Number of protein chains: 4
Amino acid sequence: MKETFIKELMKVELKNPIMIEGLPGLGLVGKIAIRYLIKKLNAQKFAHLYSPHFPYFVLVNKKGSVRLLRGTFYFWKNDGGESDLILFTGDSQAQTIEGQYEISNKILDFAKQCNVKLVITIGGYRVEVKDKPKVIAAATNQNVLDRALKADAIISPLGSPIVGTAGLILGLAPFKKIDALCLLGETRGYLPDPKAAKSVLEVLSKFLGLSLDLSGLDEEIAKAENMVARLHKIEEKRALQAEEMRREEDKKITYIS
Amino acid sequence: MKETFIKELMKVELKNPIMIEGLPGLGLVGKIAIRYLIKKLNAQKFAHLYSPHFPYFVLVNKKGSVRLLRGTFYFWKNDGGESDLILFTGDSQAQTIEGQYEISNKILDFAKQCNVKLVITIGGYRVEVKDKPKVIAAATNQNVLDRALKADAIISPLGSPIVGTAGLILGLAPFKKIDALCLLGETRGYLPDPKAAKSVLEVLSKFLGLSLDLSGLDEEIAKAENMVARLHKIEEKRALQAEEMRREEDKKITYIS
Amino acid sequence: MKETFIKELMKVELKNPIMIEGLPGLGLVGKIAIRYLIKKLNAQKFAHLYSPHFPYFVLVNKKGSVRLLRGTFYFWKNDGGESDLILFTGDSQAQTIEGQYEISNKILDFAKQCNVKLVITIGGYRVEVKDKPKVIAAATNQNVLDRALKADAIISPLGSPIVGTAGLILGLAPFKKIDALCLLGETRGYLPDPKAAKSVLEVLSKFLGLSLDLSGLDEEIAKAENMVARLHKIEEKRALQAEEMRREEDKKITYIS
Amino acid sequence: MKETFIKELMKVELKNPIMIEGLPGLGLVGKIAIRYLIKKLNAQKFAHLYSPHFPYFVLVNKKGSVRLLRGTFYFWKNDGGESDLILFTGDSQAQTIEGQYEISNKILDFAKQCNVKLVITIGGYRVEVKDKPKVIAAATNQNVLDRALKADAIISPLGSPIVGTAGLILGLAPFKKIDALCLLGETRGYLPDPKAAKSVLEVLSKFLGLSLDLSGLDEEIAKAENMVARLHKIEEKRALQAEEMRREEDKKITYIS
């Protein structure tokens with residue numbers, strides 16, 4: 001394997017397919033969103049992406065079997081609707097600059113080959129989230145952006161960067177004459193953030209005209225909030241202990257003098 | 001995109017063109033100078049340079065549209081004069097050693113294709129500037145250097161390195177049989193330095209025989225000096241506070257003893 | 001040398017060969033195991049692997065001669081048994097991500113060329129070992145894994161990564177239609193660990209139906225345990241000294257007050 | 001420039017040429033030795049080596065002209081003797097692993113093309129030198145090594161690494177059917193070390209049967225020793241000041257108590 005390649009597991013005929021990408025990144029927003037879609041829609045694997053730019057280890061699966069790090073493409077036949085979906089997620093982003101460009105290119109080449117006209121990338125947007133995470137949109141095309149704004153996304157601040165595959169796909173899509181939209185869920189980013197993923201999926205389902213039951217994410221959100229609360233308590237306890245130690249030190253000094 | 005490439009937006013016929021390059025670097029001297037030239041001369045975009053050696057993020061433009069990091073070539077028809085100009089600037093330098101060589105090579109290949117006989121690169125020269133920043137010149141050719149010295153540049157100290165694209169273009173130009181001149185404005189380098197850019201543009205306009213109104217830079221210079229002054233005040237205040245704290249500590253110790 | 005290549009020293013005809021790989025890694029488990037096999041079986045060199053992804057130094061051999069870092073393939077004719085063996089070890093793992101993939105690929109290509117149907121990789125598994133190190137197995141194929149478990153290996157925990165060549169060979173083997181098994185000896189990993197290597201060789205000889213005298217490793221194990229004991233004593237002594245110093249400091253403070 | 005290449009400035013006919021390499025490294029031993037040879041023998045430039053694996057800056061030469069980092073080949077016609085010499089030195093070693101292998105390969109390809117049968121590489125060997133620096137030898141060939149030992153080199157300790165181009169050339173030479181010898185002068189390595197270079201040149205001139213006046217290095221050695229002495233004084237002074245400060249602090253504490 002000298003460069004990134006895609007291995008098709010089967011041939012599928014898709015109707016007007018839209019591709020949606022979400023690799024691990026800030027708050028794992030993209031990956032959580034895509035995995036939820038795969039589960040809810042019961043989407044089927046049909047291709048793997050392998051790359052020598054992924055980290056050089058393998059993962060042990062259930063039952064002691066082993067596999068390379070990889071990305072996986074799933075399809076979903078949207079029988080009632082206009083567009084079938086291709087969903088893409090994976091274990092990792094590329095570890096090198098050139099790998100980042102190479103992998104984004106391969107994803108777009110595969111999209112082209114599948115006759116995809118629109119790729120949607122999902123990621124996180126780092127910010128101190130107060131209430132419900134907002135969803136920031138950017139696009140290669142005004143019309144697509146307007147549709148995202150109608151679906152309750154907000155516009156991205158001027159000049160803010162979109163890092164990694166979610167961003168490069170947008171940057172490279174025009175060279176392949178494919179439209180691309182990026183949806184970023186607001187997240188503090190340092191823990192898996194299913195709440196941000198839920199916000200993105202709300203916008204996405206409105207954008208796609210899909211009716212999607214998102215209640216399945218609420219349990220994950222509750223778990224994540226418990227974890228955050230636990231971490232806060234640990235931090236507070238540490239702060240209190242530090243305060244107490246400082247006071248003890250103060251007493252000592254007073255005693256010395 | 002496996003390697004750096006240039007995408008032409010239109011074909012232009014240029015008369016004896018001279019190319020002037022200024023990417024981000026020390027004090028942003030090169031980029032500030034080129035952007036001022038573009039604005040003042042109302043130069044027109046005609047080509048983009050893309051590279052997998054740029055950082056792997058995209059930037060959100062106004063109105064939520066997105067683009068890859070890139071360099072841009074502009075042209076200006078110098079109707080009264082001898083030589084039309086090609087101006088080049090961009091978002092970033094290459095992030096890898098090989099990328100630095102590759103991008104400098106592509107710029108020179110494009111210069112060759114445009115029939116450019118002289119490339120001028122602009123950058124910063126790190127030094128503790130006292131008064132008006134001087135402009136240091138180095139060249140691939142004694143005649144070009146002499147003309148730069150006549151235009152009030154000074155000669156570069158022996159053995160000093162010129163880092164990045166501004167330097168490599170000079171190093172690689174002789175292989176393409178193109179002359180090259182580097183103009184470096186003295187700068188402390190840690191903040192955008194329009195004053196250094198103005199010094200370079202003074203030398204450049206004399207060198208090119210262009211009459212160029214540089215007063216538009218004075219506002220930027222005033223802003224930059226305000227910022228430096230503010231930073232100095234903050235530093236002084238911090239120093240004073242530290243001094244005061246030390247005195248308080250001294251009192252304490254005296255009290256203890 | 002632009003890429004990894006294998007240089008054959010002689011042509012050998014092997015019967016149903018199984019390849020066993022062990023490069024330096026955690027606790028040097030793989031390298032110690034392979035070197036013991038080479039010595040015990042009196043296996044013969046028949047090919048070298050060179051790579052520009054190995055570190056850029058050479059080693060001085062006995063008598064002042066010099067050689068590149070490399071891997072070496074040995075063969076052993078198993079006259080009584082079913083399968084001859086190819087043993088592979090070397091000086092180093094690749095130093096780059098792409099190099100890791102390239103070297104693992106080359107090893108598998110060579111295995112294919114030698115008509116190998118099964119590759120076994122050996123490494124270390126980092127854990128706080130209490131008693132006898134266990135041997136963790138993972139495989140590309142359920143049947144191979146079952147045979148390893150019968151030979152007293154245990155199954156790998158879900159999701160644990162196998163880093164480096166020992167892992168990538170398993171990940172890449174299915175693309176070449178070769179089966180692969182990984183045997184990892186439990187080790188603390190920060191010192192050469194012949195005890196972990198012995199555990200692996202016990203499983204391996206049972207798996208292969210080889211009767212192998214492993215008592216030769218006991219001397220190395222004794223030496224390694226002496227070294228660990230010495231290191232522990234040094235650490236304890238340091239801790240005692242630190243404790244004593246703290247007490248002295250405490251006295252001082254009491255005296256001051 | 002996509003890869004390392006050699007540009008010949010002229011064609012030369014050489015008699016049984018021996019190539020001697022010395023790039024910057026530990027104590028600059030190799031570079032100092034080669035530069036002294038070039039000067040003493042009045043050797044002539046005949047080729048440059050350029051590489052995208054050198055650092056990405058250019059150097060300003062005298063008179064404000066500029067050049068890429070590069071290596072340079074010189075030749076010397078040894079009219080009375082058996083073998084002409086090719087001398088190679090340069091500005092820098094490669095900055096990447098692959099570049100190290102690529103450059104060493106190109107040097108050997110060029111040696112082959114010049115009909116060179118023996119390449120001698122020069123470097124430093126890090127050690128706490130007491131008296132006169134010894135010269136350590138390693139070779140690809142017992143006969144060459146024996147000749148070096150007769151010329152007062154000593155044999156390299158088993159297993160010690162030779163890092164960089166000086167080492168890789170030895171490692172790669174057998175693939176090109178060229179003999180290679182490495183001569184390493186003992187040096188502390190953190191400052192330019194003409195004394196180590198002189199030791200190497202003594203061995204080298206004996207090895208080659210050249211009568212070479214090395215007294216010209218004595219001035220450089222004196223300068224280097226002055227610098228070392230100055231650095232030692234500065235360190236001693238700092239140590240004294242630190243000692244004094246500690247005593248002042250002690251007084252303070254005594255006073256407090």
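Residues numbered from 1 in each chain as written. Chains lettered and ligands numbered in written order. Predicted model: local features only at pLDDT ≥ 70, side-chain atom pairs only at ≥ 80, totals over all residues.

Novice: Any chance you could explain the domain arrangement of chain A here in plain terms?
Specialist: How big an interface is tends to be expressed through the accessible area that disappears when the partners come together. All names here are of chain A. If you check the domain split of chain A, you get domain 1 (5–212) and domain 2 (215–257). Once you take the C-alpha centre of each, domain 1 and domain 2 turn out to be 37 Å apart. Of the residues lining the interface, nine residues belong to domain 1; the matching set on domain 2 comes to seven residues. Listing elements by their share of the side of domain 1 that touches domain 2, those giving two or more residues are α1 (29–41) and α5 (194–208). (Domains from an automatic or database assignment. Contact = placed C-beta atoms within 7 Å. Helix = DSSP H or I, 4+ residues; strand = E, 2+ residues; numbered from the N terminus.)

Novice: Would you mind going over the pairing of strand β8 (residues 118–126) of chain B with me for this structure?
Specialist: On a regular strand, one side chain projects to one face of the sheet and the next to the other, so that they alternate. All names here are of chain B. With eight of its nine residues buried, β8 lies for the most part within the structure. Where strand β2 (residues 18–21) meets β8, four bridges bridge the pair, whose relative direction is parallel. Across the sheet, residue I18 finds its bridge partner in β8, namely L118. Pairing geometry for β8 and strand β12 (residues 179–187), over nine bridges, is parallel. Residue pairing in the sheet places R126 in a bridge with T187 of β12. (Buried ≥ 20, exposed ≤ 12 C-beta atoms within 10 Å, placed from the backbone. Pairing = 2+ DSSP bridges.)

Novice: Got a minute to help me understand the sheet that holds strand β10 (residues 154–155) of chain D in this structure?
Specialist: Through backbone hydrogen bonds, the strands of a sheet pair up, either in parallel or in antiparallel fashion. As summarised here, the arrangement of the nine strands in space is β1-β3-β6-β7-β2-β8-β12-β9-β10 (chain D), forming an open sheet in which the pairing is mixed. Two strands bound the open sheet, and with one partner strand each, they are β1 (5–8) and β10 of chain D.

Novice: Help me out: how do you make sense of the relation of the copies chain C and chain A in this one?
Specialist: Look at the two chain copies: a rotation about an axis and a shift along it is all it takes to match them. Structural alignment of chain C on chain A gives an RMSD of 0.0 Å, achieved by rotating through 90 degrees and translating 0.1 Å along the axis. The relationship between the two copies is best expressed as a four-fold rotation axis. Looking at chain C, a mere 4% of its interface residues are interface residues in chain A too, so the copies touch through different faces. (Least-squares fit on C-alpha atoms with pLDDT ≥ 70 in both.)

Novice: How should I be thinking about the interface of chain D and chain B in this particular structure?
Specialist: Residue-level contacts link 19 residues of chain D with 28 residues of chain B. Counting only elements with at least two residues in the side of chain D that touches chain B, the list comes to β4 (57–60), β5 (66–68) and α6 (216–256) of chain D. Looking at the side of chain D that touches chain B element by element, the count peaks at four residues for β4(D). Residue composition of the side of chain D that touches chain B, grouped by class: 11 nonpolar, five polar and three charged. Here strand β11 (residues 161–163) of chain B runs beside β4(D); their pairing, made up of three bridges, is antiparallel. Residue P161(B) lies in a different strand from β4(D), and its bridge partner there is L59(D). (Nonpolar A, V, L, I, M, F, W, Y, C, P; charged D, E, K, R; others polar.)

Novice: What is the right way to look at the pairing of strand β3 (residues 44–50) of chain A in this model?
Specialist: Residues and elements named next belong to chain A. In this structure, strand β1 (residues 5–8) lies alongside β3, joined through four bridges in antiparallel fashion. Each bridged residue has a counterpart across the sheet, and for I6 the counterpart in β3 is L49. For β3 and strand β6 (residues 71–76), the ladder comprises five bridges, and the chain directions are antiparallel. Within β6, the position partnered with K45 by the bridge is Y74.

Novice: How do you make sense of the environment of K63(C) when you look at a structure like this?
Specialist: Its place among the elements puts K63(C) in the loop between β4 (57–60) and β5 (66–68). In this structure, the C-alpha to C-alpha distance between K63(C) and H232(C), residues 169 residues apart in sequence, is 37 Å.

Novice: I'm lost on the arrangement of the chains in this one. Help?
Specialist: One finds no contact linking chain B with chain C; the least C-alpha distance across the pair is 10 Å. One thing to see here is that chain A and chain D don't touch, and their nearest C-alpha atoms sit 10 Å from each other.

Novice: Looking at this structure, how should I read the interface of chain C and chain A?
Specialist: Taken together, the contact pairs 28 residues of chain C with 19 residues of chain A. Broken down by secondary-structure element, the contributors of at least two residues to the side of chain C that touches chain A are α2 (97–113), β9 (135–139), α3 (142–150), β11 (161–163) and α4 (165–172) of chain C. Grouping the amino acids of the side of chain C that touches chain A by side-chain chemistry returns 16 nonpolar, 11 polar and one charged.

Novice: So what exactly am I meant to see when it comes to the confidence of the model for chain A here?
Specialist: Should pLDDT be low for a region, the predicted coordinates there are not to be read in detail. Residues and elements named next belong to chain A. For chain A, per-residue confidence averages 90 on the pLDDT scale, and 94% of positions sit at 70 or higher. This model gives residues 253–257 a pLDDT under 50, and the stretch forms six contacts once residues within four places in sequence are excluded. Here the predicted complex scores 0.81 on pTM and 0.79 on ipTM. (pLDDT = per-residue confidence, 0-100.)

Novice: I tried to follow the environment of G27(A) on my own but got confused; where do I start?
Specialist: Residues and elements named next belong to chain A. Counting through the fold element by element, G27 comes out in the loop between β2 (18–21) and α1. Put simply, G27 and A151 are 124 residues apart on the chain and 22 Å apart in space, counted from C-alpha to C-alpha. Sequence-distant contacts of G27, that is, excluding residues within four places in its chain, are made with G124, T187, G189, L191, P192, D193 and A196.

Novice: What is the right way to read the relation of the copies chain D and chain B from this model?
Specialist: Under the fitted operation, chain D is carried onto chain B by 0.1 Å of movement along the axis and a turn of 90 degrees, and the coordinates agree to an RMSD of 0.1 Å. Of the residues that chain D buries at the interface, just 5% are likewise interface residues in chain B, meaning the two copies contact each other through different surfaces.

Novice: Hey, could you run me through the nonpolar core in this one?
Specialist: Soluble, globular proteins show a tendency: their nonpolar side chains are buried together. Counting residues in each nonpolar core, the largest one holds 288 residues, and the members touching the most others are C182(A), L183(A), L183(B), C182(C), L183(C), C182(D) and L183(D). If we skip the residues at most four places from it in the chain, L183(B) touches I120(B), I122(B), V135(B), A137(B), A148(B), A153(B), V200(B), V203(B) and L204(B). (Core = buried A, V, L, I, M, F, W, Y, C linked by C-beta atoms within 7 Å.)

Novice: Would you mind showing me how to read unusual backbone geometry here?
Specialist: Across residues other than glycine, the phi torsion is negative in most instances, and most of the peptide bonds are trans. Residue and element names in this part refer to chain B. Not every positive phi belongs to a glycine, and D152 is a case in point at roughly 80 degrees. Within the secondary structure layout, D152 lies in the loop between α3 (142–150) and β10 (154–155). Residue classification places D152 among the partly exposed residues on the basis of 14 C-beta atoms within 10 Å.

Novice: Got a minute to help me understand helix α2 (residues 97–113) of chain B in this structure?
Specialist: Think of an α-helix as 3.6 residues a turn; residues three or four steps apart then line up on the same face. All names here are of chain B. Relative to the 24 Å expected for 17 residues at 1.5 Å per residue, α2 spans 25 Å between its end C-alpha atoms, a close match to the ideal helical length. When α2 is considered as a whole, its buried residues turn out to be E98, G99, Q100, Y101, E102, I103, S104, I107, L108 and A111. Where α2 is buried, its residues touch β2, β7 (85–90), β8 and α4 (165–172). Positive backbone phi, approximately 70 degrees, marks N115, located one or two places after α2. (Expected span 1.5 Å × (residues − 1).)

Novice: Is there a simple way to think about the sheet that holds β11(B) in this case?
Specialist: The three strands lie next to each other as β11(B)-β4(D)-β5(D), forming an open sheet whose pairing is antiparallel. Two strands in the sheet have a free side with no partner beyond their single neighbour: β11 of chain B together with β5 of chain D. Averaged over all pairs of adjacent strands, the angle between strand axes in this sheet comes to 30 degrees, irrespective of strand direction. Judged from the three bridges that link them, β4(D) and β5(D) form a sheet pairing that is antiparallel. Paired with L59(D) across the two strands is R67(D), which belongs to β5(D). (Axes fitted to C-alpha atoms, helices over the stretch in contact; angles between N-to-C directions.)

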